Each structure stands twice: as C-alpha cells, then as structure tokens.
Amino acid sequence: MQVSKQCNQLVQAIAPSGNLFFLLSIQELRRQGLTFLAFYILQRTIEERELSEYGIRQETGLDDYEVSRACTFLGHSGLTRKRKSEADARVRLRTPTNRGIRIWNQVL
C-alpha cells in the first residue's frame, strides 16, 4: 500500500509497534462495528475535510468494491456524508459528520 505524505508521520510512529497498535485498536473498532479500512477512510476524511472515493482507491491500491463497500458503510452509519463534486458530478466526495469525528476520537 502506498502511503501519502500526510500519513507518513503516523506510519513512522506506528511502524515499530504496528502489530501492537492493530491489536489495541481492533477491539474498539469491532465494538464500533468498523473495519480497519472503514476506520482508515474515516480518518483520512477527517484529516482532509473532503476526500474523493477515487483518491482513496488510488491511495490504498485496493479494489473498487472494497473501498466502495467501506464508504457505503460509513455513509449508512452516519459517520460520513457523500456528495457530488461541483467541478465534476462524477466525482463523489466524502465529508465527515460530527458523529464520525466523535467515533474517531473514541477509537483513538
């Protein structure tokens, strides 16, 4: 998986204890009903305030259906909102909700 420049610092901080971070966070993610991918998308959406689903696909290198499923879950759960870009109606943008930010803070 490619790591964006914004997440590079996070990855460097987690890398030595990556498995430990995963083990500590996975229980809370399950409690919230989130997958690790959905949590990552939520985190990136909060950082950017507006993130395209296509950008997430490019960043993670995952299949379209995996990213789409995670984004749909976030939308149905009320953690993010989907809207069309004003510049190009084909581009779907994700924006965080207050509930999404609250859940993100609880997990971290």
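Residues numbered from 1 in each chain as written. Predicted model: local features only at pLDDT ≥ 70, side-chain atom pairs only at ≥ 80, totals over all residues. Heavy atoms only, no water.

Draft legend 1. How the structure looks around the nonpolar core. Among the nonpolar cores identified, the biggest contains 19 residues, and Leu 34, Ile 41 and Leu 74 are the most heavily contacted of them. Looking at this core, the elements that each hand over two or more residues are helix H2 (18–32), helix H3 (36–48), helix H5 (64–76) and helix H6 (98–107). Element by element, the count of residues in this core is highest for H3, at six residues. Among residues more than four places away in sequence, those in contact with Leu 74 are Leu 34, Ala 38, Ile 41, Leu 42, Leu 79 and Thr 80. (Core = buried A, V, L, I, M, F, W, Y, C linked by side-chain atoms within 4.5 Å. Buried < 20%, exposed > 50% of the residue type's maximum accessible area, 1.4 Å probe, protein only. Helix = DSSP H or I, 4+ residues; strand = E, 2+ residues; numbered from the N terminus. Contact = heavy atoms within 4.5 Å.)

Draft legend 2. Up close: the sheet that holds strand S2 (residues 80–84). On the basis of which strands lie adjacent, the open sheet formed by three strands has the order S1-S3-S2 and antiparallel pairing. In the strand order of this sheet, the two ends are held by strand S1 (51–52) and S2, each with one partner. Sheet topology places S1 next to strand S3 (residues 92–96); two bridges connect them, and they run antiparallel. From the neighbouring strand, Leu 51 faces S3, where its bridge partner is Arg 94. (Pairing = 2+ DSSP bridges.)

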